[in-house]
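Secondary and tertiary structure notes
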Amino acid sequence: MSTLQISGLEVSVETEQGSKQILRGVDLTVNEGEIHAIMGPNGSGKSTLAYAIAGHPKYSVDGGSITLDGEDVLAMSVDERARAGLFLAMQYPVEIPGVTNSNFLRTAKTAIDGEAPAIRGWVKEVRESMTKLRMDSSFAERNVNEGFSGGEKKRNEILQLELLKPRFAVLDETDSGLDVDALKIVSEGVNRAKEATGLGILLITHYTRILRYIKPDFVHVFVNGRVAEEGGPELAERLEEEGYDRFLPGTVVL
Amino acid sequence: MTENDTTTRGLATPDGETAVEVTGTGTRPAIISDATNRHGSVPVQTRNERFTSTDVHDFPEVTGREATWKLTPVDRIAELISGHLDGSRYEFEAPAVEDIDVAWVPRSDPRIGLAGIPEDRASANAWTMFEGALAVTVGGEEHRELVLTRSQFGSGARAAHTLIEAKPFSNAVVVLDNAGSALLSENVEILVGDGASLTVVTVQDFDDDARYVATHFAKVGRDATLKHVVVSLGGEVVRVNPAVTLAGTGADGELLGVYFADGGQHLEQQVFLFHQAANTRGRVNYKGALQGEGARTVWIGDVLIGPDAVATDSYEQNRNLVLTDGTRADSIPNLEIETGDIQGAGHASATGRFDDEQLFYLRARGIPEEEARRLVVRGFLTDIIQKIGYAPLEERLTAAIEVELAGGRR
């Protein structure tokens, strides 16, 4: 069984005012087939965790470890991490002018599998995934994320998740900015990917709304760069009712 | 992409994308005027009022401070500006193509001088010294394609004169494929007859030590279309200045350029598009990449919409992608409007560093760094290449850019 293990992770980010510590010792273990929801107020470090796992150069790891089945993820480059089976669905997917989505998907698939996919089967697979995500076939020939609406960009992220078949996926606020229809489509896509490959998921979200469609096995509440509370799905329900107030400074904790 | 200059504001392009307009960039002020506000307070003459002559002796010695020379390394092309030039015939290769005649013609050919007259000393020097012109004459109405290969200019200082005439209603692609060594100043005259459709592509794929200065003069007739493409890849100093006049009602000019400067290379283009007649449409779109210590590019784009050019539709833009430190890209768009009754006119310029977020995104999908870089740069330049409309050349240029990115040229 595959395991993504995060231990004592400390991460800082470079800002114009200098280095600023964001994560202050995060412990998290995700096994394949599990869905972990990471929740928390703005600025609690949720997205920093996502970027640190993916290896964004702006974030520096000052302590702790990330391992994938015992392999040191922190020693890998960004693309090596992806090839090792990690996937980050980004909150703000990047536009790549002049590079068509189909070229991009095929290049990524080839890089991850170490060989080019068989043309016939690949084209069919892309088309089917796009249909399920209600993406018009024209999106294959459009440039990556260029001129896509917010919802279209998120669907494009989930398309990549389905096609690249990672072992672990970090979904960074995939639900933000989606209307209810798009939220359902995207959630179905995530559930489908999990059904198909049994991947483990770190679902980062500010709201409990997406948890109606993607059922978490575990919920972790991030506050001030640490896990402040952990539990099962019932914790999400409590957050839905109470919000994050009881975790914030100046609030009396009962 | 970040903008590197002083005054920027958002501007919607005709394609609906958001561009950024840059005025007052570089060292020369932008000129924006209209019929009610003649040239404002900007101390520059209207673009088509520059001094012209075919005789080099009518021009003063070049100091390097002139508007047309101040961004050019004039000391490296001094021979071309004021030295003696060998104006004799040179070897070229051109396959026989139906409806296209390729021949040397004398200086007395009546077509010479119809498309334009030199505005700078290097151009006038070539005009003074050339002995005969190489004339490409396109007739018929079927679509024709000609690649004229020129790689035997040699290393002595030379002058050349080339004439490309598309007879009315003809339809052709003419490629000037320039390679090898060269120390050359050339004038290229392009005449596009009424209703004709002509694509002229000039490829500068010279050896590393080549120095090449060219001025292209084009005159586009009624309801005619000229697509003019400048591709500069190889050479130590390469300066290609196209000046296109949309002279007939309904004329269409699409001026494209793509360039890739490596360390030590100077690639320059000063583009002038003159909307002289009514109902003309112009698009200027140049894109360049810079890589390596001392890589240098200059783009100056002048668009002039004359007093008779009502209902003009015009847009010009230049974009540069900076891949490494130690490079410099000058980008200066200028727009003059002398009639209030136009459909639209705009300009944009942006010079940006390689976007690390694009690189991260591609790498986060497993694509190795070098391949990700190639994808981004190829993507940046590809829309120009795809607009050329001549498949064999498009493939070759895509491959050439791969070589540039791999650092294979220098």
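Scroll up for the structure.
The structure reproduced in this document is the subject of the present report. Every value quoted in this text rests on a predicted model; they were computed, and no experiment measured them.

Scanning chain B for helices and strands turns up 5 helices and 19 strands. Across the 410 residues in chain B, those meeting the buried criterion constitute 60%. Carbon together with sulfur atoms contributes 46% to the accessible area of chain B, which is approximately 14800 Å² in total.

Let's shift gears to the sheet that holds strand S7 (residues 171-180) of chain B. Residues and elements named next belong to chain B. Pairing is parallel across the open sheet formed by 8 strands, whose spatial order is S5-S7-S9-S11-S13-S15-S17-S19. Either end of the sheet is taken by a strand with one partner, and the two such strands are strand S5 (143-150) and strand S19 (344-353). For this sheet, the mean angle separating the axes of adjacent strands, direction not counted, is 5 degrees. Here S5 pairs with S7 via 8 bridges, running parallel. What sits directly across from valine 147, in S7, is valine 175. With respect to the sheet, helix H4 (residues 369-387) is in contact with strand S11 (225-234), strand S13 (252-261), strand S15 (281-290) and strand S17 (313-322), its orientation differing from that of S15 by roughly 145 degrees.

This part covers the packing of helix H3 (residues 356-363) of chain B against H4(B). All names here are of chain B. Interaxial distance between H3 and H4 falls to 9 Å at its minimum, and their mutual angle equals 125 degrees. One finds that H3 runs oblique with respect to H4. Handedness of the crossing formed by H3 with H4: right-handed. When H3 is examined against H4, the residues Gln358, Leu359, Leu362 and Arg363 are found in contact with a partner set consisting of Glu369, Ala372, Arg373, Leu375 and Val376.

Here the focus is the pattern of salt bridges. Evaluated as defined, the whole model comprises 41 salt bridges over all chains. Taking the shortest distance from any N to any O, the salt bridge between B:Arg111 and B:Asp109 comes out at 3.0 Å. When its relative accessible area of 13% is taken as the criterion, B:Asp109 is described as buried. The network of salt bridges with shared partners includes A:Asp79, A:Arg83, B:Arg363 and B:Glu369.

Take the sheet that holds strand S9 (residues 168-172) of chain A next. All names here are of chain A. Across the sheet, 6 strands lie side by side as S6-S9-S10-S3-S11-S12; this open sheet has mixed pairing. The open sheet has two edge strands, strand S6 (86-89) and strand S12 (226-231), and neither has a second partner. Taking the axes of each pair of neighbouring strands and ignoring which way they run, one obtains an average angle of 20 degrees across the sheet.

Attention shifts here to the interface of chain A and chain B. Of the residues lining the interface, 32 residues belong to chain A; the matching set on chain B comes to 19 residues. Between chain A and chain B the total buried area reaches about 1900 Å² when both faces are included, carbon and sulfur atoms providing 68% of it. Summed over the shared surface of chain A and chain B, the number is 2 salt bridges. Going through the elements one at a time, helix H1 (46-54), helix H2 (78-84), S6, strand S7 (96-100), helix H3 (101-113) and helix H5 (150-164) of chain A are the ones with two or more residues in the side of chain A that touches chain B. Its residues assigned to classes, the side of chain A that touches chain B comprises 20 nonpolar, 8 polar and 4 charged.

All names here are of chain B. Summed over all chains, the structure comprises 12 aromatic pairs over all chains. Here the aromatic rings of tyrosine 90 and tryptophan 104 are separated by 5.2 Å at their centres, their planes lie at 80 degrees, and the arrangement is edge-to-face. Taken together, the residues span a long stretch of sequence, with tyrosine 90 in the loop between helix H1 (78-82) and strand S3 (100-106) and tryptophan 104 in strand S3 at a distance of 14 residues. With a relative accessible area of 5%, tyrosine 90 lands in the buried category. Consider the rings of phenylalanine 206 and tyrosine 212, whose centres lie 5.1 Å apart with planes at 55 degrees: the pair is tilted. The buried category is assigned to phenylalanine 206, whose relative accessible area is 1%. One aromatic cluster in this structure is built from Tyr90, Phe92, Trp104 and Phe153.

All names here are of chain B. Tracing the chain through its elements places threonine 215 in strand S10 (residues 211-220). Of the residues examined, threonine 215 reaches a relative accessible area of 9% and is grouped as buried. Beyond its immediate chain neighbours, meaning those up to four positions away, threonine 215 contacts Asp120, Ser123, Glu186, Asn187, Val188 and Asn241.

So, about unusual backbone geometry. In most cases, non-glycine residues show a negative phi, while peptide bonds are predominantly trans. For A:Arg134, which is not glycine, the phi torsion reads 55 degrees and is therefore positive. You can see A:Arg134 is positioned in the loop between helix H4 (119-132) and strand S8 (143-144). The residue B:Phe169 is not glycine, and still its phi comes out positive at about 65 degrees. Topologically, B:Phe169 is positioned in the loop between strand S6 (157-166) and S7.

In a pair of packed helices, the angle between the axes and the distance between the axes together describe the arrangement. Residues and elements named next belong to chain B. Their axes nearest at 11 Å, the elements H4 and helix H5 (residues 391-405) cross at an angle of 150 degrees. It follows that H4 is roughly antiparallel to H5 by the angle criterion. For the pair H4 and H5, the crossing hand works out as right-handed. Where H4 abuts H5, its residues Arg374, Val377, Arg378, Leu381, Ile385 and Gln386 lie against Glu394, Leu397, Thr398, Ile401, Glu402 and Leu405. The residue inventory of the contact of H4 with H5, partitioned by class, reads 6 nonpolar, 2 polar and 4 charged.

This brings us to the side chain of B:Asp177. Residue and element names in this part refer to chain B. Note on placement: aspartate 177 falls in strand S7. A polar contact of 2.7 Å, which involves the side chain of aspartate 177, links it to the side chain of arginine 396. Ignoring anything within four residues of it in the chain, the contact list for aspartate 177 reads Val147, Leu148, Thr149, Arg150, Val203 and Arg396.

This next bit is on H1(A). Most of H1(A) sits inside the fold, with 9 of its 9 residues counted as buried. Restricting attention to buried positions, one finds in H1(A) the residues A:Lys46, A:Ser47, A:Thr48, A:Leu49, A:Ala50, A:Tyr51, A:Ala52, A:Ile53 and A:Ala54.

To continue, consider the pairing of strand S4 (residues 132-138) of chain B. Residues and elements named next belong to chain B. Of all 7 residues that make up S4, 7 are buried, and the element is covered over most of its length. The two faces of S4 match: Gly132, Leu134, Val136 and Val138 on one face and Ala133, Ala135 and Thr137 on the other face are all buried. Judged from the 7 bridges that link them, S3 and S4 form a sheet pairing that is antiparallel. Counted as the bridge partner of aspartate 101 is threonine 137 from S4.

Thresholds, definitions, all that
Residues numbered from 1 in each chain as written. Chains lettered and ligands numbered in written order. Predicted model: local features only at pLDDT ≥ 70, side-chain atom pairs only at ≥ 80, totals over all residues. Heavy atoms only, no water. Helix = DSSP H or I, 4+ residues; strand = E, 2+ residues; numbered from the N terminus. Buried < 20%, exposed > 50% of the residue type's maximum accessible area, 1.4 Å probe, protein only. Areas by Shrake-Rupley, 256 points an atom, 1.4 Å probe, with all protein chains shown as cover. Pairing = 2+ DSSP bridges. Axes fitted to C-alpha atoms, helices over the stretch in contact; angles between N-to-C directions. Contact = heavy atoms within 4.5 Å. Parallel < 35°, antiparallel > 145°, perpendicular 65-115°, else oblique. Left-handed = near helix turned anticlockwise from the far one by under 90°. Salt bridge = Lys/Arg side-chain N within 4 Å of Asp/Glu carboxyl O. Buried area = accessible area lost by both parts, 1.4 Å probe. Nonpolar A, V, L, I, M, F, W, Y, C, P; charged D, E, K, R; others polar. Phe/Tyr/Trp six-rings, centres within 6.5 Å; stacked < 30°, edge-to-face > 60°. Polar contact = N/O pair within 3.5 Å; in protein donor to acceptor, adjacent residues only side chain to side chain.

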